[in-house]
Every structure is written in structure tokens, then in C-alpha cells.
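Chain by chain, the residues run as shown.
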Amino acid sequence: MLSNIVVGAVVAFAGSVIADSVSCPSDSPLSCSSSSSTDTCCYNTPGGQILLTQFWDYDPSTGPTDSWTVHGLWPDNCDGTYEEYCDSSREVSNVTAILKAKSPSTLSYMQTYWKDYQGNDEDFWEHEFNKHGTCMSSLETKCYNSYEPQEEVVDYFERAVQEFKNIPTYEWLSAAGIVPSTTKTYTLAQIQSALSSKHGQNVVIRCSSGALNELWYHFNVKGSVQTGTFVPAAPVGSGSTCSSTGIKYLPKDGSTSPTSTTTSAGSNPTGSPGQLSGTGYVYVTTSSATSGGFLISGGTWYRNGGTPATYTATASSDGSTFTLKTSKGNCAVQSNALTCSSSVSSATSFGYDGTYLTYSGSNAFYATSVPSGTTQGTVYTASKSISLKLTWTAT
Ligand SMILES: *[C@@H]1O[C@H](CO)[C@@H](O)[C@H](O)[C@H]1NC(C)=O
């Protein structure tokens, strides 16, 4: 009996400390719902309304042509005002290096889906954490059991990426017939209905020069930002900025993102259309935002955590195509299936369209099902029930 009491006491104490294996009590109050909670590690305050904001950057265009990109994860006060730059002592100037060391798959994902329109991804990421992340009460150092410097920076970006993956705006809009077009326009009500029917709450829809370019999805959080539950919430604060009709949703031009002027490790020197060279990870995207995953060394699709295999791209002499190889050997398409193996004698030529890998001029790849657990999925070049696209993230 005594030991049970001791254990209970430890758990109760640990409830306010967020470390790898410890989370907030399951009955933690929802942010913005209670003014009596004083445990700011498990009740975000004053910034209790959390916004996941997304960009549609079409001029210049950044990110995949069929995906929105991350702007940031912001804590708004429950009345729509907000704090910013809350702790200069925790500001960072090395997000890429921190994530490269502590969460490389998050970094790789961000290099595709969290893009600065001027090509300075590192600066953009620093700005988001320094301005907004330092104002999240559950990310404060006292909320960690044995705090290691920059631990909360990793948590900030991991959570933002996790929530972004839950909100596949491009798919939500296209399911309602709202697709990028140089000629069509849409009404605010059409866009709101397409999004709020999925999100469960109104979304703040923002336009620039009459064209859709940003969305704010609002949440309250039960528990911490790191590990808590995000509950969609009605927006407080400023509303939509689009007119009610005639809204343009302009296509991205499919060109690559502007390349950062620095080429330090972790910047994003993607190849120009046609060719890739050097080492990179190959990520899998599907129309379902929850699928994802990456290619491992045999050329198969894997989704059960871990790290993508390093692929080496070697450009052809005229630079128009490239071959791929992994630690297993050269990669080839054999019987319509991708394989990388020491038994491949002649590597297949692949291409790059600026966003996706291509084979025989097409960026369409396929699988018969979405692999789960430790199952590896074969990637096909001939039509099957699941459509895939393959992105390249230079390492
Ligand atoms: C990031 O910068 C901080 C402050 O300069 C430094 O202490 C830390 O070691 C850096 N982290 C990495 C992974 O380089």
C-alpha cells in the first residue's frame, strides 16, 4: 500500500513536467477555458489560442505545386491580441543545425513544406520560433524535467509539422472542386464551406491582391503544446480579408523555390528541372496527408518511423537525367517496380520536374496499398490503386 501511495505522489508531481515519457494529466483543462489553472506547463496562457497558419505562395512560388506550405504555429491570447518575442535569452539563430542534430526527418520535411518565399528558410524558421515559440508557456524551460538547451525548439517545430500534416488544405479544397486556375474564381462562402466542413470550425481566409494566399486554422489545446490535444476552435481576433466573390486561386508555376544564397548544410539546393545530383532523401507523398513516409535503401516505401535512406544522384553527361543508388546498390525499374540492389547492373535514368522525381517523363508512381507497421511497400511505375509522388530533399 505504501508504495502505491508513493507512486501516486510521484505521478501527481510529474504531471506538470513535460519530458519524453511524461505528459500532462488527462484532465488538463482546455486552453482559454479556465482562469483558475496555474500550471502554465499544462495550460497555455496567456497565449491559449494556437493558430496553425499556412501559405499559398504562387508568386514567387514555393513548395510543391499541389500543397500549401507552413507559415507558423502562433499563440494568440484568448481575445485575439497576442504577445511576441517573449524571451530573448531563448532566441535561436541555428534552427537547421538544431534539427539536423535532434530531428532530421522534421528538418527534411520542412525543407519541402516550410518555405520562405525569398529562399531564406533558416531566417524564416528562426523568426517563427523567436517571435511566437518563445511565447508558448508550455515550452518554457521550467516545464522540462532535465532541460537541455534548445529542447523546446525541437518540440516547437515537431508539433507545427505534425499539425500541418493533419490539415491537407490542398486536398480539402480540391475535394470541393476548388483548384488553382488562372481563369476561375471562387466565392468566400465556397472556400469557407470546403474548409470548415473538414476542420469543424470557421477558418480565417486571407487574400492578397484578390487572390487566396493564407489560411489561419485556430485551436485550443488540452495540455501542453508539445504533447497535448489540439481542439479546433472558432477564431478570435482578426477575420478574413478576402472579398466575398471573385477570389482567385492562382497556380504555382512549378519552378523550384529560390535557392538560398548560403549553401551550408541543411539549406535546400534542390536541382533545377531535369537533373539532380548529390545526396538526398526521397519522401513519398500521397493524396492522404496522413500517409507520407519515405524510401528506404532497397527502393521500397516505409512509414514506420526511422530515417530515410541516403540516395546518391549522379547526373548524366548532358545533365538531363540522373541515376540513383543507395547502400544496397544501383536503382532500376524492373518489371514496373523500383528496386535498388547489388544485382542491378544497369541503373535506370530518372528525371526531376522541379518538384517531383520522374520516370519516363511522368511523376506518377504507384503502390497497391499504404504500408503499415514494418511492412515495406513496393513502388510501381505502372498504375495501381494508390498514387504516389516522390520528392527530393538534398542532404
Ligand atoms: C545552437 O546555438 C546555440 C547558441 O549559440 C549553441 O549553444 C548550440 O550548441 C547550437 N546548436 C547546434 C546543434 O549547433
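Cut-offs and rules
Residues numbered from 1 in each chain as written. Predicted model: local features only at pLDDT ≥ 70, side-chain atom pairs only at ≥ 80, totals over all residues. Heavy atoms only, no water. UniProt positions renumbered as here; feature names shortened; annotations may be inferred. Helix = DSSP H or I, 4+ residues; strand = E, 2+ residues; numbered from the N terminus. Contact = heavy atoms within 4.5 Å. Areas by Shrake-Rupley, 256 points an atom, 1.4 Å probe, with all protein chains shown as cover. Buried < 20%, exposed > 50% of the residue type's maximum accessible area, 1.4 Å probe, protein only. Polar contact = N/O pair within 3.5 Å; in protein donor to acceptor, adjacent residues only side chain to side chain. Salt bridge = Lys/Arg side-chain N within 4 Å of Asp/Glu carboxyl O. 1 Å grid on protein atoms, 1.4 Å probe; cavity = no way out; pocket = protein on both sides within 12 Å on 5 of 7 lines; lining within 4 Å. Points joined across faces, edges and corners; volume = space filled by probe spheres on them. Nonpolar A, V, L, I, M, F, W, Y, C, P; charged D, E, K, R; others polar. Near = heavy atom within 4 Å. Disulfide = S-S within 2.5 Å. Pairing = 2+ DSSP bridges.

Per an unreviewed UniProt entry, the chain goes by Ribonuclease T2-like and derives from Clonostachys solani. Check the Function (unreviewed entry) section of the UniProt entry for the chain; it says "Rnase which modulates cell survival under stress conditions. Released from the vacuole to the cytoplasm during stress to promote tRNA and rRNA cleavage and to activate separately a downstream pathway that promotes cell death. Involved in cell size, vacuolar morphology and growth at high temperatures and high salt concentration." UniProt annotates the chain under Sequence similarities (unreviewed entry) with the comment "Belongs to the RNase T2 family."

Student: Would you explain the overall build of the chain in this entry?
Tutor: From N to C terminus, the chain includes seven helices and 18 strands. The long-range share in the chain, meaning contacts at least 24 apart out of those at least 6 apart in sequence, stands at 66%. Surface accessibility of the chain: about 16,900 Å² in total, with carbon and sulfur atoms responsible for 48%.

Student: In this structure, what is going on with the UniProt feature "active site" (unreviewed entry) in the chain? I would like to understand it.
Tutor: The UniProt record annotates "active site" (unreviewed entry) at His71, Glu128 and His132. Considering the C-alpha atoms alone, the annotated residues occupy 62 residues of sequence yet fold into one spot, their largest mutual distance being 11.4 Å. The exposure class of Glu128 is buried, given its relative accessible area of 0%. Look past the residues within four positions of Glu128 in its chain and what remains in contact with it is His71, Gly72, Trp74, Trp114, Gly133 and Tyr156. For Glu128, the side chain forms a polar contact with the side chain of Trp74, separated by 2.9 Å. Take His132: it is sitting in the loop between α4 (121–131) and α5 (151–165). Beyond its immediate chain neighbours, meaning those up to four positions away, His132 contacts Leu73, Trp74, Pro75, His127 and Tyr156.

Student: Which parts of the structure should I look at to understand the pattern of salt bridges?
Tutor: Side chains carrying opposite charge are able to pair once their charged atoms draw close together. Taken as a whole, this structure holds eight salt bridges when the rule is applied. In this structure, Lys389 engages Asp66 in a salt bridge whose closest nitrogen and oxygen atoms are separated by 4.0 Å. Of this pair, Lys389 sits in strand β18 (residues 386–394) while Asp66 is found in the loop between β1 (49–55) and β2 (69–76), placing the two residues 323 residues apart along the sequence. Given the relative accessible area of 25%, Lys389 is considered partly exposed.

Student: Would you take a moment to explain empty space enclosed by the protein for this structure?
Tutor: A water-sized probe rolled over the atoms picks out the places where empty space is left. According to the stated counting rule, one finds two cavities of 30 Å³ or more in the structure shown. What the second largest cavity holds in volume is close to 40 Å³. Taken together, Leu295, Tyr311, Leu324, Leu338, Phe350, Leu357, Phe365 and Leu390 make up the full set of residues lining the second largest cavity. Taken together, the residues of the lining of the second largest cavity sort by class into eight nonpolar, no polar and no charged.

Student: I'm lost on the site of the ligand in this one. Help?
Tutor: The immediate surroundings of the ligand are formed by Asn94, Ala97, Ile98 and Gln150. One of the side-chain nitrogen or oxygen atoms of Asn94 is found 2.3 Å away from an oxygen atom of the ligand. Starting from 370 Å² of accessible surface for the ligand in isolation, the protein chains cover 40%. Residue composition of the shell around the ligand, grouped by class: two nonpolar, two polar and no charged.

Student: When you look at the state of the cysteines in this model, what are you seeing that I'm missing?
Tutor: A covalent bond between the sulfur atoms of two cysteines is referred to as a disulfide. Considering all chains together, one arrives at six disulfides under this definition. Cys32 shares a disulfide with Cys78; S-S distance 2.0 Å. Because the torsion about its S-S bond is -85 degrees, the bridge between Cys32 and Cys78 counts as left-handed. With Cys32 in the loop between α1 (2–14) and β1 and Cys78 in the loop between β2 and α2 (95–102), the pair connects residues that are 46 residues apart, well separated along the chain. In this model Cys86 forms its disulfide with Cys135; the gap between the sulfur atoms is 2.0 Å. Its torsion about the S-S bond being 100 degrees, the disulfide of Cys86 and Cys135 is classed as right-handed. Placement of Cys86 in the loop between β2 and α2 and of Cys135 in the loop between α4 and α5 is noted, with a sequence separation of 49 residues between them. Should the bonded cysteines of the chain be numbered as they appear in the sequence, the pairing reads 1-4, 2-5, 3-8, 6-7, 9-10, 11-12.

Student: What's the story with the pairing of strand β4 (residues 204–208) in this structure? I'm lost.
Tutor: Each regular strand carries side chains that alternate between the two faces of the sheet. Alignment of β4 against strand β5 (residues 211–222), held across five bridges, turns out to be antiparallel. Within the sheet, the bridge partner assigned to Arg206 lies in β5 and is Glu214.

Student: How do you make sense of the side chain of Gln54 when you look at a structure like this?
Tutor: Examined against the element boundaries, Gln54 turns out to sit in strand β1. By relative accessible area, Gln54 is classed as buried at 0%. At a separation of 3.2 Å, a polar atom in the side chain of Gln54 contacts the main-chain carbonyl oxygen of Ile167. Look past the residues within four positions of Gln54 in its chain and what remains in contact with it is Trp68, Thr69, His71, Phe164, Ile167, Thr169, Asn213, Glu214, Leu215 and Tyr217.

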